[in-house]
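Survey of secondary and tertiary structure
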Amino acid sequence: MRAQSPTFGYGDLDLVELDEQTPLQPARSQGRSSGSRLLPPLAAAGCACLMVAAVAYRDAIPRNEGGTTLRGVTTKRPHIILTVLDDAGYDDLWASSDLAAPHLTALRDEGVELTSHYVASECTPTRGALLTGMHPTSIGLQRGVISQTSRWGLDPSVKTLADVFRDHGYTTALAGKWHLGHANEAYLPERRGFSSVYGFLGGFVDSYTHYAEAPPVCESHTEDCVTDWSSPSTTYAADAVAHEAKRVISSTSEKPLFLYYALPTPHEPLTEPPSPQYDDRLQGRRRIFGAIATRQDAKVGSVVKSLKDNAMWPSTLFIVLSDNGAAATGGSNWPLRGAKGGVCEGG
């Protein structure tokens, strides 16, 4: 038995014929083409893009001789931890009406909250804009998401934040999701400024097997299933990524650190985390989504603790955002209309 579609989760967008094997796709005899379908106009990856890109493209180093003054960051070259949650909704990030997120809430209460922060409505355009400071239409990422069979990605000639930080003496690391191209080596994060890379290249993986795009057929037939992970592992994906983030932090010595901490949660599939903590008030998909969000919040908290344990927290700029709004699979964008992939603010 074979999966009906080699790109479960992405519909018919960008299914092209393959003439060679890619890191995420075994060779196939034929494929399908979606023609010239484009997404509606996308909102720019606004405040977060401007905030982070300003750090990089204005020489990456604050020039105040006395150090920066952003809520306790007191070094001339702060550590930058860019934390991106995957498909977390407007009502999912903090201590919302029904989800517990004490660590994220503490970060918000102790820091600066951007309440008019706009991103694209899907993963790839937002991540490309965030890492380059350019609108998705300027870098060819307006067409949607990169799927398992896609031959395109972020233009290799465009510099990323990691390129700029590395050129200014930073240690650069990616822990988690890439989703900006994998068809050839030029697209891979190791070629885009990251000295250390751990995680997965595509849009999402099974939380335990790490099969690319987690098609249901892989539960019983694995001959067409491709593992998308940088090293053999069956650890719950969010736990593995947090462990790597903490390893990178602990190994940082003299150089300042730029860590792109790109969690795989709460993106589908909604898979029960280890030792799940359920809230009996929640029902249906929201119940398991809540358990995943609680685990995610704990992982973010563990990374913050690692920064504190390694005496890096006073000189760290810790940024948290979601790449787009929640999908209609358990997340919440209340009180905004719409969901991931749409043109309303909830997406």
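Residues numbered from 1 in each chain as written. Predicted model: local features only at pLDDT ≥ 70, side-chain atom pairs only at ≥ 80, totals over all residues. Heavy atoms only, no water.

1. Focus on the overall build of the protein
The helix and strand inventory of the protein stands at 6 helices and 5 strands. Secondary structure elements of the protein, listed N to C terminal, follow the sequence α-β-α-α-α-β-β-α-β-α-β. The 347 residues of the protein split such that 53% are buried. Here the contacts in the protein between residues at least 6 apart in sequence split such that 70% fall between residues at least 24 apart. (Helix = DSSP H or I, 4+ residues; strand = E, 2+ residues; numbered from the N terminus. Buried < 20%, exposed > 50% of the residue type's maximum accessible area, 1.4 Å probe, protein only. Contact = heavy atoms within 4.5 Å.)

2. Considering the nonpolar core
Counting residues in hydrophobic clusters, the biggest one holds 31 residues, and the most contacted among them are Trp229, Leu259, Tyr261 and Phe318. Those elements that provide at least two residues to this core are strand E1 (79-85), helix H2 (102-110), strand E2 (171-177), strand E3 (196-200), helix H5 (237-251), strand E4 (257-262) and helix H6 (284-309). The element best represented in this core is H5, accounting for 7 residues. Leaving out residues up to four positions away in the same chain, Trp229 has contacts with Tyr198, Gly199, Phe200, Val205, His210, Ala237, Ala240 and Val241. Counting residues in each nonpolar core, the second largest holds 28 residues, with Val84, Ile146, Trp178 and Phe194 among its members. (Core = buried A, V, L, I, M, F, W, Y, C linked by side-chain atoms within 4.5 Å.)

3. So, the sheet that holds E4
Ordered by their spatial adjacency, 5 strands build an open sheet running E3-E2-E4-E1-E5, and the pairing between neighbours is parallel. Only two strands of the sheet have a single neighbouring strand rather than two, namely E3 and strand E5 (316-322). On average, adjacent strands in this sheet sit at an angle of 10 degrees to one another, irrespective of strand direction. By the bridge criterion, 5 bridges tie E2 to E3 in an arrangement that is parallel. Opposite Gly176, over in E3, you have Gly199 as the bridge partner. The sheet contacts of helix H3 (residues 123-132) involve E1, E2, E4 and E5, and relative to E1 the element is tilted by about 170 degrees. (Pairing = 2+ DSSP bridges. Axes fitted to C-alpha atoms, helices over the stretch in contact; angles between N-to-C directions.)

4. Section: the pairing of E1
Of all the 7 residues making up E1, 7 are buried; the element is thus mostly covered by neighbouring parts of the structure. Taking every second residue as pointing to the same face, both faces of E1 are buried, with His79, Ile81, Thr83 and Leu85 on one and Ile80, Leu82 and Val84 on the other. Alignment of E1 against E5, held across 7 bridges, turns out to be parallel. What sits directly across from Ile80, in E5, is Leu317.

5. Digging into the side chain of Asp206
Mapped onto the fold, Asp206 is located in the loop between E3 and H5. Within the buried core, Asp206 has no salt-bridge partner, and the shortest N-O distance to an opposite charge, that of Arg295, equals 14 Å. A polar contact is formed between the side chain of Asp206 and the backbone nitrogen of Thr209, at a distance of 2.8 Å. Non-local contacts of Asp206, meaning those with residues more than four positions away in its chain, are made with Tyr211, Ala214 and Pro269. (Lys, Arg positive; Asp, Glu negative; His and termini not counted. Salt bridge = Lys/Arg side-chain N within 4 Å of Asp/Glu carboxyl O. Polar contact = N/O pair within 3.5 Å; in protein donor to acceptor, adjacent residues only side chain to side chain.)

6. A word on the packing of aromatic side chains
The final tally for this structure, using the stated rule, is 9 aromatic pairs. Ring centres of Phe194 and Phe258 lie 6.3 Å apart, and the angle between their planes is 25 degrees; on these two criteria the pair is classed as stacked. Of the two residues, Phe194 is situated in the loop between E2 and E3 and Phe258 in strand E4; the sequence distance between them amounts to 64 residues. Look at Phe194 and Tyr260: their rings are 6.2 Å apart centre to centre, the planes differ by 25 degrees, and that puts the pair in the stacked class. On the criterion of sequence distance, the pair formed by Phe194 in the loop between E2 and E3 and Tyr260 in strand E4 is long-range, its members being 66 residues apart. (Phe/Tyr/Trp six-rings, centres within 6.5 Å; stacked < 30°, edge-to-face > 60°.)

7. Some thoughts on the confidence of the model for the protein
Residues of the protein with pLDDT of at least 70 account for 78%, and the chain-wide mean is 81. The low-confidence segment residues 1-23, where pLDDT is below 50, has 75 contacts with residues more than four positions distant or belonging to other chains. Segment residues 25-69: pLDDT under 50, and 104 contacts once partners within four positions in sequence are set aside and those in other chains are kept. (pLDDT = per-residue confidence, 0-100.)

8. Side note on unusual backbone geometry
Cis peptide bonds are those with omega within 30 degrees of zero, and the linkage from Thr265 to Pro266 qualifies with 5 degrees. Structurally, the position occupied by Pro266 is in the loop between E4 and H6. A cis amide bond links Trp334 with the next residue in sequence, Pro335, at an omega value of 5 degrees. Mapped onto the fold, Pro335 is located in the segment after E5. Positive phi outside glycine occurs at Ser275, with the angle close to 45 degrees. Among the structural elements, Ser275 can be located in the loop between E4 and H6. Residue Ser275 is classed as exposed on the basis of its relative accessible area, which comes to 64%. Notably, Ala311 is not glycine yet its phi reads approximately 55 degrees, a positive angle.

9. A short note on the packing of H5 against H6
Two quantities define a packed helix pair, namely the angle between the axes and the distance from one axis to the other. Between H5 and H6, the least distance of the axes is 9 Å, while the angle of their chain directions is 10 degrees. Taken together, the axes of H5 and H6 are roughly parallel relative to one another. In contact with Ala238, Asp239, Ala242, Ala245, Lys246, Ile249 and Ser250 of H5, H6 contributes Arg295, Lys299, Ser302, Val303, Ser306 and Leu307. In terms of residue class, the contact of H5 with H6 is built from 6 nonpolar, 3 polar and 4 charged. (Parallel < 35°, antiparallel > 145°, perpendicular 65-115°, else oblique. Nonpolar A, V, L, I, M, F, W, Y, C, P; charged D, E, K, R; others polar.)

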